[in-house]
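Here is what each chain is made of, one letter per residue.
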Amino acid sequence: MQKRIRVLVVDDSAIARKVITESLADFPEIEVVGTAIDPYNARDRILDLKPDVLTLDIEMPKMDGLTFLRLIMQHRPMPVIIMSSLTTAGSSKAMEALEAGAVDVMDKPSGSFSAYEDGSRLAQKIKAAACARTRRAALDVAGRNNRPMGTSPAVIKSHGQGRSYHPRSLILIGSSTGGPEALNQLLPTFAGDLPGICIVQHIPAYFSKALAERLNHKCQLEVREAVKGDIVTPGCALIAPGGYHMILRWTGSHYSVELGVGPQLHHQRPAVDVLFDSVVKAGGSDHSTSVILTGMGSDGAAGLLRLRQAGSYTIAQDEESSVVFGMPREAIRLGAVDHVLPLDRMGAEIEKSVARLVRVGVRAVA
């Protein structure tokens, strides 16, 4: 019989502890082994109960969740899911928590049970977290040398000025668990005049905007959350908003962004496959470089295969630098990947793929 995933819930709110615990009751592979009302209580319970995964509130008395998270990562690294309020301040702190080593983030339950009534989203995140490398191990392998998001010196934006590309040229990126930190390492390596970039990161609403804003501070590219009607342009990276599928349409002269609230795919909205398939339908595959980063599950694998079959150059993150190797592994298994690379070599390979496209004579436009 498979070992159950042992979860400790740390939250000062009795309602939140109750909602989280009850929402996981229908998942036999998960066991809530205990709860804690503050980090001091949690410290003792971690030692006694030896949980596999922690859910951790950001705002708590005696010691805030961020301080406790940093202590955990220093003294006893383990998978942590941050529970944060859907506010500007809450989402900003959630991004700090991901930088500090949290595996994932989820909106914190309020007095309503509606968002947590089946527990499936939280259960999925817990399963992914249980498979994750701790931040210390993942970053040691990746050889990280970047500063945390938001602390780097100001960068000069090129706004796409420089090289010219065929108007259908694209860079596509899909990621899930561990993705925010992977993007934090990858995007700052990009020159500011690369083709337009479209990113699907599995992340709740509100948090996607905070992620884009924090990345924008340290990238030569402009990075922002996508809105309906956006035109994909060189020098700009668009991140799909949480809760919406991102779809690209070819208008005859450029790609424009549509946002959809259709059914979830692979339990996700946004879903990587939705973006990838829209580019195949728009005829942009042979002008694209497509990337699968760390993440749980199989989202993006089938879409990456269709992109490759239609002419896209495809890259997957390797196992050792991935926090969770599920999505890259599935793409490799399907034969969807041209090149498997550690995260710290991806920027150079993407740059080469763009240069190759130009060198082989694809028409460039001013």
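A. Representation of the nonpolar core within the structure. One finds Ile173 and Leu187 to be the most contacted residues of the largest nonpolar core, which totals 58 residues. Ignoring anything within four residues of it in the chain, the contact list for Ile173 reads Leu183, Leu186, Leu187, Phe190, Ile197, Cys198, Ile199, Val200, Phe276, Val291 and Leu293. Counting 28 residues, the second largest nonpolar core, distinct from the first, contains Leu172, Tyr255, Leu307 and Met327.

B. View of helix H3 (residues 65–75). Residues of H3 that are buried include every one of Gly65, Leu66, Phe68, Leu69, Ile72 and Met73, and no others. For H3, the arc enclosing every buried residue in end-on projection is 160°, short of the 170-degree limit, so these residues lie on one face. Measuring from the side-chain oxygen of the N-cap residue of H3 to the backbone nitrogen of Leu66 gives 3.0 Å; that N-cap residue is Asp64.

C. Focus on the side chain of Gln201. With respect to the secondary-structure elements, Gln201 resides in strand E7 (residues 197–201). A polar contact is formed between the side chain of Gln201 and the side chain of Ser175, at a distance of 2.6 Å. Once you skip the residues sitting within four places of it in the chain, Gln201 turns out to touch Ser175, Ser176, Gly179, Pro180, Leu183, Leu211 and Pro270.

D. Fine view of the pairing of E7. In terms of burial, E7 is a largely internal element, five of the five residues being buried. What you see with E7 is no split at all: Ile197, Ile199 and Gln201 on one side and Cys198 and Val200 on the other are buried throughout. Judged from the five bridges that link them, strand E6 (residues 170–175) and E7 form a sheet pairing that is parallel. Looking at E7, one finds that Leu172 is bridged to Cys198. You can see the chain leave E6, run along helix H7 (residues 179–186) and come back into E7, and the turn it takes is right-handed.

E. View of the layout of surface pockets. The computed volume of the largest pocket comes to approximately 400 Å³. In terms of residue count, the dominant contributor to the lining of the largest pocket is helix H5 (residues 120–131) (four residues). The class makeup of the residues in the lining of the largest pocket is seven nonpolar, nine polar and four charged.

F. Spatial organisation of the packing of aromatic side chains. Throughout the structure, instances matching the rule amount to one aromatic pair. For the ring pair Trp250 and Tyr255, a centre distance of 5.0 Å and an interplane angle of 65° mean the geometry is edge-to-face. Trp250 sits in the partly exposed class, given a relative accessible area of 23%. Over the ring of Trp250 we find Arg168; its NZ or CZ atom is 4.2 Å from the centre of that ring.

G. Structural detail: the confidence of the model for the protein. Here the protein averages 89 in pLDDT, while 87% of its residues score no lower than 70. Note on residues 136–154: pLDDT under 50 across the span, and 39 contacts to partners over four residues away in sequence or across chains. For the stretch residues 359–366, pLDDT sits under 50, and the model shows 13 contacts to residues farther than four places along the chain or on other chains.

H. Just the pairing of strand E3 (residues 53–57), in detail. Within E3, five of the five residues are buried, which leaves the element mostly enclosed by the surrounding structure. Of the two faces of E3, the one lined by Val53, Thr55 and Asp57 and the one lined by Leu54 and Leu56 are each fully buried. Here strand E1 (residues 5–10) runs beside E3; their pairing, made up of four bridges, is parallel. The partner of Val7 across the bridge, within E3, is Val53. The pairing of E3 with strand E4 (residues 80–84) spans four bridges and is parallel. Bridge pairing in E4 links Leu54 to Val80.

I. Region of interest: the packing of helix H9 (residues 272–281) against helix H10 (residues 301–309). Contact pair H9 / H10: the axes reach a minimum separation of 8 Å and the direction vectors enclose 20°. Judged by the inter-axis angle, H9 sits roughly parallel to H10. Crossing geometry of H9 relative to H10 is assigned as left-handed. When H9 is examined against H10, the residues Asp273, Phe276, Asp277, Val279 and Val280 are found in contact with a partner set consisting of Ala301, Ala302, Gly303, Leu304, Arg306 and Leu307.

J. Seen up close, the sheet that holds E7. With respect to topology, seven strands assemble into an open sheet ordered E8-E9-E7-E6-E12-E13-E14, the strand pairing being parallel. Only two strands of the sheet have a single partner each, and these edge strands are strand E8 (222–225) and strand E14 (339–341). Neighbouring strand axes in the sheet, compared pairwise and without regard to direction, differ in orientation by 20° on average. As judged from the four bridges shared by E8 and strand E9 (residues 236–239), these two strands associate in the parallel manner. Residue Arg224 lies in a different strand from E9, and its bridge partner there is Leu238. Helix-sheet contacts for helix H8 (residues 207–216) involve E7, E8 and E9, and the interaxial angle to E8 is about 170°.

About the thresholds
Residues numbered from 1 in each chain as written. Predicted model: local features only at pLDDT ≥ 70, side-chain atom pairs only at ≥ 80, totals over all residues. Heavy atoms only, no water. Core = buried A, V, L, I, M, F, W, Y, C linked by side-chain atoms within 4.5 Å. Buried < 20%, exposed > 50% of the residue type's maximum accessible area, 1.4 Å probe, protein only. Contact = heavy atoms within 4.5 Å. Helix = DSSP H or I, 4+ residues; strand = E, 2+ residues; numbered from the N terminus. Arc of directions from axis to C-beta. Polar contact = N/O pair within 3.5 Å; in protein donor to acceptor, adjacent residues only side chain to side chain. Pairing = 2+ DSSP bridges. Right-handed = clockwise from strand over helix to strand, strands pointing away. 1 Å grid on protein atoms, 1.4 Å probe; cavity = no way out; pocket = protein on both sides within 12 Å on 5 of 7 lines; lining within 4 Å. Points joined across faces, edges and corners; volume = space filled by probe spheres on them. Nonpolar A, V, L, I, M, F, W, Y, C, P; charged D, E, K, R; others polar. Phe/Tyr/Trp six-rings, centres within 6.5 Å; stacked < 30°, edge-to-face > 60°. Lys NZ or Arg CZ within 6 Å of the ring centre and 35° of its normal. pLDDT = per-residue confidence, 0-100. Axes fitted to C-alpha atoms, helices over the stretch in contact; angles between N-to-C directions. Parallel < 35°, antiparallel > 145°, perpendicular 65-115°, else oblique. Left-handed = near helix turned anticlockwise from the far one by under 90°.

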